[in-house]
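Structure at a glance
As a plain string of letters, each chain reads:
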2 protein chains.
Amino acid sequence: MFDAYGTLFDVYSVGLLAEQLFPGQGQALGVLWRDKQIEYTRLVTTSNGGEFYQSFWDLTRAGLRYACKRLGLALSASAEERLMNQYRHLSAFPETREVLQALKNRGIVTGVLSNGDPAMLDIAVRSAGLEGLLDHVLSVDAIRKYKTHPDAYALGPQATGLPARQIAFVSCNSWDALGATWYGFPTLWVNRYALPFEELGTLPARTGNSLLDVLEFFPDAIASI
Amino acid sequence: MFDAYGTLFDVYSVGLLAEQLFPGQGQALGVLWRDKQIEYTRLVTTSNGGEFYQSFWDLTRAGLRYACKRLGLALSASAEERLMNQYRHLSAFPETREVLQALKNRGIVTGVLSNGDPAMLDIAVRSAGLEGLLDHVLSVDAIRKYKTHPDAYALGPQATGLPARQIAFVSCNSWDALGATWYGFPTLWVNRYALPFEELGTLPARTGNSLLDVLEFFPDAIASI
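None of these values were measured; they are calculated from a predicted model.

1. A few points about the relation of the copies chain A and chain B
- With an axial shift of 0.0 Å and an RMSD of 0.0 Å, the rotation relating chain A to chain B amounts to 180°. Between the two chains, the operation in question is that of a two-fold axis.
- Interface overlap between copies: 100% of the residues of chain A at the interface are likewise at the interface in chain B, consistent with a symmetric, same-surface contact.

2. Here we look at helix α6 (residues 118-127) of chain A
Residue and element names in this part refer to chain A.
- Within α6, burial applies to M120, L121, A124 and V125. Taken down its axis, α6 places every buried residue within 120° of arc, on the same side.
- Along its buried surface, α6 packs onto α3 (56-71), α4 (77-88), β1 (111-114) and β2 (136-139).
- One or two residues past the end of α6 sits G129, with phi positive at roughly 70°.

3. Topic: a nonpolar patch on the surface
- Taken together, the side chains of A:Y12, A:V31 and A:Y193 define a hydrophobic patch exposed on the protein surface, amounting to about 250 Å² of accessible area.
- Assignment of secondary structure puts A:V31 in helix α2 (residues 26-46).

4. Observations regarding the packing of aromatic side chains
- Per the counting criterion, the structure on display carries 28 aromatic pairs over all chains.
- Taken together through their ring pairs, the aromatic side chains of A:Y5, A:F9, A:W33, A:Y53, A:F56, A:Y87 and A:Y146 make up a single cluster.
- Between the NZ or CZ atom of A:R42 and the centre of the ring of A:W175, over which it lies, the distance is 4.9 Å.
- Sitting over the face of the ring of B:Y66, B:K36 holds its NZ or CZ atom 3.9 Å from the ring centroid.

5. Quick word on the interface of chain A and chain B
- At the junction of the two partners, chain A supplies 33 residues and chain B supplies 33 residues.
- Interface of chain A and chain B: buried area, both sides summed, is about 3,100 Å²; carbon and sulfur atoms make up 61% of it.
- Together, A:W182, A:E199 and A:L200 form the three largest contributors to the area buried by chain A at its contact with chain B, with a combined 23%.
- Here chain A is connected to chain B by six salt bridges.
- Among the ionic pairs, A:K36 bridges to B:E198, the shortest N-O distance being 3.0 Å.

6. Here's the deal with the side chain of B:S174
- Inspection of the secondary structure puts B:S174 in helix α9 (residues 174-183).
- Once residues lying within four places of it in the same chain are set aside, the contact partners of B:S174 are B:W189, B:F197 and B:E198.

7. Here's the deal with helix α5 (residues 96-105) of chain B
- By the burial criterion, the buried members of α5(B) are B:T96, B:V99, B:L100, B:A102 and B:L103. On an axial view of α5(B), the arc spanned by its buried residues comes to 160°, and they lie on one face.

8. Concerning the sheet that holds strand β4 (residues 187-190) of chain B
Residue and element names in this part refer to chain B.
- The three strands lie next to each other as β3-β4-β5, forming an open sheet whose pairing is parallel. Edge positions in the sheet fall to β3 (169-171) and β5 (206-208), since each of these pairs with one other strand and no more. Sheet twist, expressed as the mean angle between neighbouring strand axes with direction ignored, is 20°.
- Of the strand pairs in this sheet, β4 and β5 are connected by three bridges, and their pairing is parallel. By the bridge assignment for β5, V190 is matched with G208.
- Its contacts with the sheet put α9 on β3 and β4, and the angle it makes with β4 is roughly 175°.

9. Points about the confidence of the model for chain A
- For chain A, per-residue confidence averages 94 on the pLDDT scale, and residues scoring 70 or more make up 96% of the total.
- Of the regions scoring below 50 in pLDDT, residues 221-225 of chain A engages in seven contacts with residues more than four places distant in sequence or in other chains.

10. What to know about the domain arrangement of chain A
All names here are of chain A.
- In terms of domains, chain A is made up of domain 1 (11-88) and domain 2 (96-223).
- Spacing between the C-alpha centres of domain 1 and domain 2 amounts to 23 Å.
- Tallying the contact residues gives 16 residues for domain 1 and 14 residues for domain 2.
- Counting the surface lost from both domain 1 and domain 2, the interface buries some 1,400 Å², and carbon and sulfur atoms represent 61% of this.
- When the area that domain 1 buries against domain 2 is broken down by residue, the three leading residues are Y53, F56 and R88, summing to 45%.
- In this assembly, domain 1 and domain 2 are joined by zero salt bridges.
- Counting across the domain 1 and domain 2 interface gives six residue pairs in polar contact (both at pLDDT 80 or more).
- Listing elements by their share of the side of domain 1 that touches domain 2, those giving two or more residues are α2, α3 and α4.
- Of all the elements, α2 adds the most residues to the side of domain 1 that touches domain 2, at six residues.

11. Overview of the sheet that holds strand β4 (residues 187-190) of chain A
Residue and element names in this part refer to chain A.
- Strand order in the open sheet formed by three strands is β3-β4-β5, and the pairing between neighbours is parallel. Every other strand in the sheet has two partners, leaving β3 (169-171) and β5 (206-208) as the edge strands with one partner each. In this sheet, adjacent strand axes meet at a mean angle of 20° when their direction is disregarded.
- Looking at chain direction, β3 and β4 are connected through three bridges and run parallel. Each residue of the ladder has a partner; that of S171, found in β4, is W189.
- Here helix α9 (residues 174-183) sits on the sheet in contact with β3 and β4, set at roughly 175° to β4.

Thresholds applied
- Residues numbered from 1 in each chain as written.
- Chains lettered and ligands numbered in written order.
- Predicted model: local features only at pLDDT ≥ 70, side-chain atom pairs only at ≥ 80, totals over all residues.
- Heavy atoms only, no water.
- Least-squares fit on C-alpha atoms with pLDDT ≥ 70 in both.
- Contact = heavy atoms within 4.5 Å.
- Buried < 20%, exposed > 50% of the residue type's maximum accessible area, 1.4 Å probe, protein only.
- Helix = DSSP H or I, 4+ residues; strand = E, 2+ residues; numbered from the N terminus.
- Arc of directions from axis to C-beta.
- Patch = residues over 30% accessible without salt bridge, like charges linked within 9 Å, V, L, I, M, F, W, Y side chains within 5 Å.
- Areas by Shrake-Rupley, 256 points an atom, 1.4 Å probe, with all protein chains shown as cover.
- Salt bridge = Lys/Arg side-chain N within 4 Å of Asp/Glu carboxyl O.
- Phe/Tyr/Trp six-rings, centres within 6.5 Å; stacked < 30°, edge-to-face > 60°.
- Lys NZ or Arg CZ within 6 Å of the ring centre and 35° of its normal.
- Buried area = accessible area lost by both parts, 1.4 Å probe.
- Pairing = 2+ DSSP bridges.
- Axes fitted to C-alpha atoms, helices over the stretch in contact; angles between N-to-C directions.
- pLDDT = per-residue confidence, 0-100.
- Domains from an automatic or database assignment.
- Polar contact = N/O pair within 3.5 Å; in protein donor to acceptor, adjacent residues only side chain to side chain.

Shown next, in the form of structure tokens:
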């Protein structure tokens, strides 16, 4: 079960267009946009029992607007649409397809468990040509709570009929790898950017540096199928 | 009802010591430490129904350790203790005492509603000489959930016996001002650093730029007492 944004799809691939639109600020905008988007998922999940839930698409737009204001960048309506459209069609990481294909070749059930809403995920999966390689595309929108809420991770066991301990969870986001581990998934953290892991006293079962490590890090899961 | 960290107490006042310990990196460390501390409050609140709760003190230490690793700074045990000790004795903002005294002079019930744990708050309040000026010092540690969880904000009405709509909430943290507004407090956001407000479609009742604005922004509350 793979996280989508940041794991299969490169959320920083918007940086090139951002740099064209705002020379010298593309990277800063990409980072702040992403940070704010994630912060917003947490605020709407924690506050008032989810009463103020908004879709990931809307939170992504809100994060973009905040990031531009914070950086002092004038965001025209057309620039906003271009950046949002880019977010809809994020690049998949180069090894994504090969890894999913290898898993399918070994008969492993595959899926995505994402904060993205269904429309976003549908376009992202199809744009990257992954639609035949994923058995499940699960969005937290069904339960209107974002990861790391346990109800979000519970979508995995519910969809597959497998207990959490039999589902390998893969994320490049350290907070997600932590939340998934806490939930009960044997988790691979793909540490793509050579970052420290969270300092909260829990480590993921495995750590790697690309999605290819999925194939090596879960031999038991693979052998058992 | 005042937020404490960032509102009455200057969380960036650790920057001076941080700069002495890590020349050229003090500000970056102060910012990342604070961001990570807040991120950790959210992760432990959202995940597994709070099963992995840790005190604000412990999360503050975890945030410091993460921030140093992320910035490539070698944090010795003695440097860690010095920085943590500094965090225990944060400077109050210059106008803090004057504002609380003015409220007390007008007969207004005052309090702190903070993510900080009771021991931290006790030392911070006494270090700043504020102990006679606060009727309530409320810590979310009592319910083991951090703001913006509604149970955290509910400590205000519970302690005072007043409904949320009769409690003016004051925070310099935009996410806290948003959460407090969503909860139901008429809220003053003290925008100390001239930042944009959160882009989630809700604005606080009032915005100012120092705690002094409390005195002007709630004339009705003041007049009614």
